[in-house]
Every structure is written in C-alpha cells, then in structure tokens.
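Spelled out, the chains give:
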Amino acid sequence: MSDILIVDDERDIRELISDILQDEGYTTRLAGNSDEAMAAISEQPPALLVLDIWLKDSNMDGIDILKAVKRDYPDVPVVIISGHGNIEIAVAAIKQGAYDFIEKPFNIEQLMVVIRRGMETSRLRRENQSLKRRDTGPADMLGESSVFRALVSQLDKVTRSNGRVMLSGPAGSGKELAARYIHVNSNRADAPFVSVGCASVEAERMEEVLFGRESEERGVEPGLLEEANGGVIYFDEVADMPPGTQSKILRVLVDQQFLRVGGSDKVQVDLRVISSTSRDLEDAITQGTFRRELFHRLNVVPIAVPSLEERRDDIPLLATYFIDMFNKTQGLPLRSLSGEANALLQTMTWPGNVRQLRNMIERVLILGDGAGEIDAAELPGESDAAHEDGRVVLSGALATMPLREAREAFEREYLLTQINRFGGNISRTAEFVGMERSALHRKLKSLGVVTSAKSGARVAKVAGFVAG
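These figures come from a predicted structure and were not determined experimentally. Each chain carries its own residue numbering, running from 1 in the direction its sequence is written. With the structure being a predicted model, the display of local features is reserved for residues of pLDDT at least 70 and the display and counting of side-chain atom pairs for 80 or more, all residues being used for whole-chain, interface and lining totals. The basis for the side-chain values is all heavy atoms of the structure; hydrogens and waters are excluded.

1. Comments concerning unusual backbone geometry
Across residues other than glycine, the phi torsion is negative in most instances, and most of the peptide bonds are trans. For D57, which is not a glycine, the phi torsion comes out positive at approximately 55°. Where helices and strands are cited, they refer to DSSP runs of H or I of at least four residues and of E of at least two residues respectively, numbered from the N terminus. Note on placement: D57 falls in the loop between β3 (48-52) and α3 (62-72). A positive phi angle is found at N353, which is not glycine, with a value near 60°. Counting through the fold element by element, N353 comes out in helix α15 (residues 353-367).

2. Details of helix α2 (residues 34-43)
Buried, partly exposed and exposed residues are distinguished by accessible area as a fraction of the type maximum, computed with a 1.4 Å probe on protein chains only: under 20%, between the cut-offs, and over 50%, respectively. S34, A37, A40 and I41 are the residues of α2 that are buried. Each buried residue of α2 sits inside an arc of 130° when the element is viewed along its axis, so together they form one side. In α2, the exposed positions that point more than 90 degrees away from the buried face belong to S42 and E43. Contacts are residue-level and defined by heavy atoms, with any inter-residue pair within 4.5 Å sufficient. Check the buried side of α2 and you find it contacts β1 (3-7), β2 (27-31), β3 and α3. For α2, the side-chain oxygen to backbone nitrogen distance between the N-cap and D35 is 3.1 Å, and the N-cap itself is N33. Starting at the helix axis, one direction is taken to each C-beta atom, and the arc is that of these directions. By the criterion applied in these results, polar contacts are pairs of N or O atoms within 3.5 Å in which, for protein atoms, one can donate a hydrogen and the other can accept it, and in which residues neighboring in sequence qualify only through two side-chain atoms.

3. Here we look at the sheet that holds β3
Read from one edge of the open sheet, five strands run β2-β1-β3-β4-β5, paired in parallel fashion. Two strands in the sheet have a free side with no partner beyond their single neighbour: β2 and β5 (100-103). This sheet shows a mean twist of 20° between the axes of neighbouring strands, independent of strand direction. For two strands to pair, DSSP has to find at least two bridges joining them. Pairing of β1 with β3 involves four bridges; the strand directions are parallel. Bridge pairing links V7 to L51 in β3. Between the N-to-C directions of two axes lies an angle of 0 to 180 degrees, each axis being a line fitted to C-alpha atoms and, for a helix, fitted only over the stretch in contact. Helix α1 (residues 11-23) contacts β1, β2, β3 and β4 (78-82) of the sheet and is inclined by roughly 175° relative to β2. Here α3 sits on the sheet in contact with β3 and β4, set at roughly 160° to β3.

4. Some details on the packing of aromatic side chains
What counts as a ring pair is set by centres within 6.5 Å for rings of Phe, Tyr and Trp (its six-membered ring), and what kind of pair is set by the plane angle: stacked under 30 degrees, edge-to-face over 60, tilted for all other angles. For the structure shown, the criterion picks out five aromatic pairs. Note on F211 and F258: the rings are 5.5 Å apart at their centroids and 45° apart in plane angle, and the pair reads as tilted. In this pair, F211 is assigned in helix α8 (residues 206-211) and F258 in strand β11 (residues 257-259), connecting sequence segments 47 residues apart. Residues F211 and F258 agree in their burial class; the two are buried.

5. Remarks on the sheet that holds strand β7 (residues 193-197)
Here we have five strands laid out as an open sheet, ordered β7-β10-β13-β6-β14, and parallel in their pairing. Looking at which strands have only one partner, the edges of the open sheet turn out to be β7 and β14 (301-304). This sheet shows a mean twist of 20° between the axes of neighbouring strands, independent of strand direction.

6. Overview of the confidence of the model for the protein chain
pLDDT measures how confident the predictor is about each residue, on a scale from 0 to 100. Per-residue confidence for the protein chain gives a mean pLDDT of 85, with 88% of residues at or over 70. The model gives residues 133-137 a pLDDT under 50, and that stretch makes nine contacts with residues more than four places away or in other chains. Counting interchain partners and residues more than four positions distant, the pLDDT-below-50 stretch residues 382-388 has 10 contacts.

Quick look at the structure:
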C-alpha cells in the first residue's frame, strides 16, 4: 500500500509534492480543503497523510484534521507542513499524534527522508496488525462426546450473528478457546481478537488499559478497545472487572464510543463483545459487586462450557493431542497411552479441567524414562493408589466399615465412575465391567444409582443427591 494523500490549499504546492512522490513510485491523491480531505479519508484511509496546517476557506484547520484522523485512524502517519511554522505549532502537532513536522519552504531531500520513514512506519503497523489478527491462538475444538457436540452446535449458531455471548464454566475448561472459535468462524475473522484478563489488570489501571489515554507528555496512547476495533473484545473473568469500570463499559456497549483517559474527543468503535466467568454472576449482583444492567447487556446468549469431568469420553483424544503438540513444539517424546493409562485418566478427578490434563501430560513426557507406551504407573497419583505387589490402598473410610457396607460403597463409587467415564452409556459400561446389561441395571437400582440428562449427556449420580 503506497497511497499518500496530500492536503494543501496551495495548488502548486500539492501538485509539486505529488509529482515528486509519483516519481518515487508512490500513488497520490490531492485535496485543497478540509471537506475534500475528510471525504477522501472516509472513502479510503491513506497509507500516509501530508497535511498543511493552514487551510484557507476550510471548516477545519490542519490540527483539527490531525485530531480527527488520529481518533478514527490512529495507524495512519501524518506529516505536518506549514509556511508559518514555529516550535509551538510543531510541539502541538507532535502531541496530537503527528509523525513529523516540516517547515515551508522545504528541502526535497528532507521531505523524502520523512516520507520514506513514515511509509515504513505505516508498513510495519499494518504488518503488526495483520500478525495480531492471525495470531489469535488455537481455535481447534477437540472432542467427540455428546456434551462436547452440543457445545459446538451452540457455538456454531452464535458465529452467524454479532450478539454478545457469555461463556460460563469452571476454570481451565476452555472458555477462551470457545471465544476464539466463535471469532475465527465469524464474519470478523480477519479483524483483531483482543483478550482482556479482568482478574490480572490492577483496578487502578483498568480504565487506561481499556480506553487508552491522552497526555501532553506522551500524546495519544490507544487502549485495548481501540485495538479491537472492527473485531472482538473478550472479557475473561468479567466478574473481576472493577465496579467503576463496569459503568463505563456499559456506556460503551450502548453508544459504541468512549473518551480516552485525559482526552476530550470521543472515539468511535465497532466491537463484538464476548465475556466469560467461572463465578455465579447472580450472586455477584446480589452482593453488589457486579452491575445487573451490565450483566443483562453481556448475557444476551449464555453458553455453558462443560467441565472435563462432564466429557470424560474426550480425555483420551485430548491427551493424544497434547502429546503430539508437545512433540512438535518442545521436541518431547512422541508416546502413546496404554489402555490402562487411558482408563485411569478417565476415572481421575479434574478440578483444573483441560488445563490440568495438559499440564499432567507435559509433566509425564518430561519426567518419563522411555519412548514406549505411557502406562498407568507413570501418571501422577497412581503410585499412591497401589503397592508394587498389586494391593490396592484402602481408604480410611472404607477401612472402618463392615465388609458388606464397604463392598456396597466400593461398588457404588466404582460404577458411578465407570458410567460417567463412558458418558452415561450403559452398554459400554456393562461391556467394560464384564456384566450383562440387565444385571448392571439391577445392580445400579440396588445401589441407588440413577442416570439423568445434563448438558446433552447422561450423568450418573446417587438417587436423591444433586450435584452442585
């Protein structure tokens, strides 16, 4: 992109500059007043703007145009020229975001040096934005379980709109991955995806981080909302957003505009908002830490992201994916998982969800001795469950029960674990545990174990017990 817009009220000057730039291989457009300039910029923002300070018969002077351009097109370098230049005007222009300042009558070589540097700056900014837009992190959604397929079906529906989405689910379950999936499959896929970690930004800095700031010392510093313009802004753990910022974000959602900290000009943005939370926002509203109006603005389409324990069928697939990923990215051994290892992974508890599984696989690959199959004994915690002679370690609770009660407790927990491991599929559970399906149904009834639908899958639980 080599398009340069030249704005000067003196026809001879703008045509002279144009001829010089065209000889150097640049494409130019010309404007003699502010109306022509703003129309040309609105039609197609240039790669660089050469702008005269004083414009006769115009509604705006050069400084006004500069401020408008830096507000709406902050990546366009602006070179100011003036026949009435002085240090005060130069300083004012630089503070408003001008790339450089040249005084008339200008030296052609000096002008070309500034133009070349400004164009290089423009090129680097475009490349940086392009990289930001492409480097949105992984957006592959992996899974085969019914609960996972139900999630993807919901995500696919919201990609076709610009509606605001609220993703809820436990930490580590993949809420940001779901947000990125929405982004890369939407009509904003070529625009930025900007993530805001509401829990990681200090409360006193949140507004500067989001809205940017303006100051005489440092000029205009765009915030994350401007960086996300045209694309998606993702508020991760939105419940941790400071109360004072919540009211201002609410206004942005309504008006799609805001003021930078220390600024006086409104900044227009076009944003799609996706939020996530691992907390109960209704409780936060009751406690007065989250605004109800903001909740209703963000919670247009609520989508629950399931925990890893709700999609145990997917654990072998995810584990294999992580093994392959660590082999490609870190050169760790490309190993497979034994049947016993897969079974153990599917029966473990996962409070850290997919993130915990990923960390466990990385740890096993780093500490493992060989390149063969990963067996159950290599998995963290397995050494605590059995002795070398094959004896199972008895828990303190079972050790205090009479044999009949202990056997029932063990059978109940064992069958609960296996049913949930197989996503509530009784046939697969019966095959694995070595029972006829009818016999398994009778055993479950005697133990008080029932199955019910949850998030598109069957989940086993003890009758009368409601999982939180």
